[in-house]
Amino acid sequence: MLSDSVVEGPLPNSREVAEFRRLWDEIAPIGRDPGTGGYLRYGYTEPVRRLEEWFAATATGDGAHTVEPDGNGNLIAWYGPRPGPAERAGDAVLLGSHLDSVPYGGGYDGPLGVVSALLAVRALRRAGRTFRRPVGVVAFAEEEGSRFGVPCLGSRLLTGALDPQQAAALTDRAGMTLAEALGGTPAGARPDLLARIGVFVELHVEQGRALVDLGAPVGVASGIWPHGRWRLDFTGEANHAGTTRMADRRDPILTYAFTVLAANKEARQRGAHATIGRVEVEPNATNAVPARVRGWLDARAADVETLDALVEAVRAKAAERAARDGTTVAVTRESLTPSVTFDGGLIAAARRLHADGVPVLPTAAGHDAGILAAHLPTAMLFVRNPTGVSHSPAESATDEDCAAGVRHLAALLDDLAGR
Ligand code: GLV
Ligand code: MN
Ligand code: MN
């Protein structure tokens, strides 16, 4: 544990706050929509490439000896000892998060974890610490799944949770495949790389108000609710809005609308979450009954049985309504993330670093840490978000709290890898 000014107590000093702001300002304009202030940082697009260039340059400037692409779009900057002989495999400490955003998202979801990891490494190096284990900072690709539909795309590929051929054929909204965006089929599972990593810690802006209510700048995650995405394809018959009698219509938007309400009700009844936040209508004409509606259901629950029951209930209600509307509905699962419990030893290590105690919180948000948790000890730190809002430009965190997060991460890194 550090005994000097780098990590003495939980509160950052003004130099650390200013340093956070300086680094944050370097990336703040990248991919920001001037109208809304929201971010358009989709995986494998120009804004993310610029962020990755910045990431590589910053890490190299701070002493990274290698910046390693994994062939899936993920990028790892390595510091400290180089990967050792086979008997030392699995000893690296990996920190980081993702650089992409949801459409018109906030700036903190993802980049805060990358920036804080870079700053944590910098703080230890400045304090004269060296690393006894390899230390990596990772920028994961397409965590939000906003472009190709599968969340945590980069970490799923790296860990082998997603077949690279299947991933290569995923298309974005303009019809471009992942293979085209990446310039080839992704490398897929990298057991060699995964075997070098001993633990992973992801710092993230909190996506709720628990830390505000607790009056704590930083928290530790206990686990992640199981969650997934389902595509709902409603098909009816396109027809004239003026001349088609109401009784003669086969209108899929009615089935869709009923399904949206049913999903909300079924989720509420189970203490679960269901959202249909994306919809496409064809032909999307004011004066035509639509031919097709495609919606995406995002469903999350405290346990997998509740999640299964929720999705099944939505499916049954939609099918029942389709029979009444003369339409059809097909439900296709596009991704599923099982329940995650983070590593008890790492949670305890993160909590004991501060005498005041650090709250432990569950979350219903997905994270790359949740994918890596199936393979290695993993933990997450959360930084207080005054609005509690996320996936929106209203997402925020104060510079002081972000710097407190850096301080906490630096202390944990020092505990795990410092010398
Ligand atoms: C990621 O932010 C997710 O939970 O959708
Ligand atoms: Mn997110
Ligand atoms: Mn995130």
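Below is a summary of the structure that appears in this document.

**Quick look at the overall build of the protein**
From N to C terminus, the protein includes 13 helices and 15 strands. The principal-axis extents of the C-alpha atoms in the protein amount to approximately 80 × 45 × 45 Å. For the protein, the residues scored as buried account for 55% of the 419 residues in total. In the protein, the proportion of contacts linking residues at least 24 apart, taken out of those at least 6 apart, comes to 76%. Approximately 17,000 Å² of the protein is accessible, and the part contributed by carbon and sulfur atoms is 52%. Positive and negative side-chain charges of the protein, numbering 43 and 51 respectively, have mean locations separated by a distance of 1 Å.

**Topic: the coordination of the manganese ion (ligand 2)**
For the manganese ion (ligand 2), every protein donor is listed as D109 (OD), E144 (OE), E144 (OE) and H391 (NE2), and the spread of their distances is 2.0 to 2.6 Å. Taken in chain order, the donor set of the manganese ion (ligand 2) reads D-x34-E-x246-H. Metal-to-metal, the separation of the manganese ion (ligand 2) and the manganese ion (ligand 3) is 3.6 Å; D109 coordinates the two. Residue E144 is located in the loop between β4 (135–140) and α4 (153–159), and its partner H391 is located in the loop between β15 (378–383) and α13 (399–417); the two are separated by 247 residues in the primary sequence.

**Overview of the pairing of strand β7 (residues 227–235)**
Regular strands place their side chains on alternate faces of the sheet. Most of β7 sits out of view: 8 of its 9 residues are buried. Here 9 bridges tie β7 to strand β11 (residues 292–300), and the two strands are oriented antiparallel to one another. Directly across from R231, in β11, lies its bridge partner W296. Sheet topology places β7 next to strand β12 (residues 328–337); 9 bridges connect them, and they run antiparallel. Looking at the pairing, R231 lines up with T332 of β12.

**Describing the site of ligand 1**
Inspection of the region around ligand 1 gives D109, E143, E144, R300, A365, G366 and H391 as its neighbouring residues. The side chain of E144 places a nitrogen or oxygen atom 3.1 Å from an oxygen atom of ligand 1. Within the side chain of H391, an N or O atom sits 3.0 Å from an oxygen atom of ligand 1. Relative to its unbound accessible area of 190 Å², ligand 1 is 93% covered by the protein chains.

**Side note on the coordination of the manganese ion (ligand 3)**
Around the manganese ion (ligand 3), the protein contributes the donor atoms H98 (NE2), D109 (OD) and H204 (NE2), which lie 2.0 to 2.2 Å from the metal centre. For the manganese ion (ligand 3), the single-chain donor residues occur in sequence as H-x10-D-x94-H.

**Quick word on the sheet that holds β11**
The sheet built from 4 strands is open, its strands ordered β9-β11-β7-β12 with antiparallel pairing. The open sheet has two edge strands with one neighbour each: β9 (273–282) and β12. Along the sheet, successive strands turn relative to each other by an average axial angle of 15 degrees, direction set aside. Both β9 and β11 contribute to a ladder of 9 bridges, which runs antiparallel. Residue pairing for β11: V281 is matched across the bridge by V293.

**Considerations on the packing of helix α1 (residues 14–27) against α13**
Contact pair α1 / α13: the axes reach a minimum separation of 9 Å and the direction vectors enclose 100 degrees. Here α1 is positioned roughly perpendicular relative to α13, judged by the angle of their axes. In this structure, α1 contributes E16, V17, F20 and R21 to the contact, and α13 contributes D399, E400, C402, A403 and R407. Of the residues assigned to the contact of α1 with α13, the class counts are 4 nonpolar, no polar and 5 charged.

**Considerations on the nonpolar core**
The biggest cluster of nonpolar side chains holds 77 residues, and the ones touching the most others in it are F55, Y79, L112 and L413. Formed by 17 residues, the second largest nonpolar core is a distinct cluster that contains F234, A299, A301 and V314.

**Side note on unusual backbone geometry**
Here E282 and P283 are connected by a cis peptide whose omega angle stands at 0 degrees. Relative to the assigned elements, P283 resides in the loop between β9 and β10 (288–289). Phi is positive for Y44, which is not a glycine, with a value near 65 degrees. You can see Y44 is positioned in the loop between α1 and α2 (46–61). Classification of Y44 as buried rests on a relative accessible area of 9%. Phi is positive for E142, close to 50 degrees, though the residue is something other than glycine. Relative to the helices and strands, E142 is located in the loop between β4 and α4. Judged by its relative accessible area of 1%, E142 falls in the buried class.

Rules behind the numbers
Residues numbered from 1 in each chain as written. Chains lettered and ligands numbered in written order. Predicted model: local features only at pLDDT ≥ 70, side-chain atom pairs only at ≥ 80, totals over all residues. Heavy atoms only, no water. Helix = DSSP H or I, 4+ residues; strand = E, 2+ residues; numbered from the N terminus. Buried < 20%, exposed > 50% of the residue type's maximum accessible area, 1.4 Å probe, protein only. Contact = heavy atoms within 4.5 Å. Areas by Shrake-Rupley, 256 points an atom, 1.4 Å probe, with all protein chains shown as cover. Lys, Arg positive; Asp, Glu negative; His and termini not counted. Charge placed at Lys NZ, Arg CZ, Asp CG, Glu CD. Donors = N, O, S within 2.8 Å, 3.2 Å for Na, K, Ca; no water. Pairing = 2+ DSSP bridges. Near = heavy atom within 4 Å. Polar contact = N/O pair within 3.5 Å; in protein donor to acceptor, adjacent residues only side chain to side chain. Axes fitted to C-alpha atoms, helices over the stretch in contact; angles between N-to-C directions. Parallel < 35°, antiparallel > 145°, perpendicular 65-115°, else oblique. Nonpolar A, V, L, I, M, F, W, Y, C, P; charged D, E, K, R; others polar. Core = buried A, V, L, I, M, F, W, Y, C linked by side-chain atoms within 4.5 Å.

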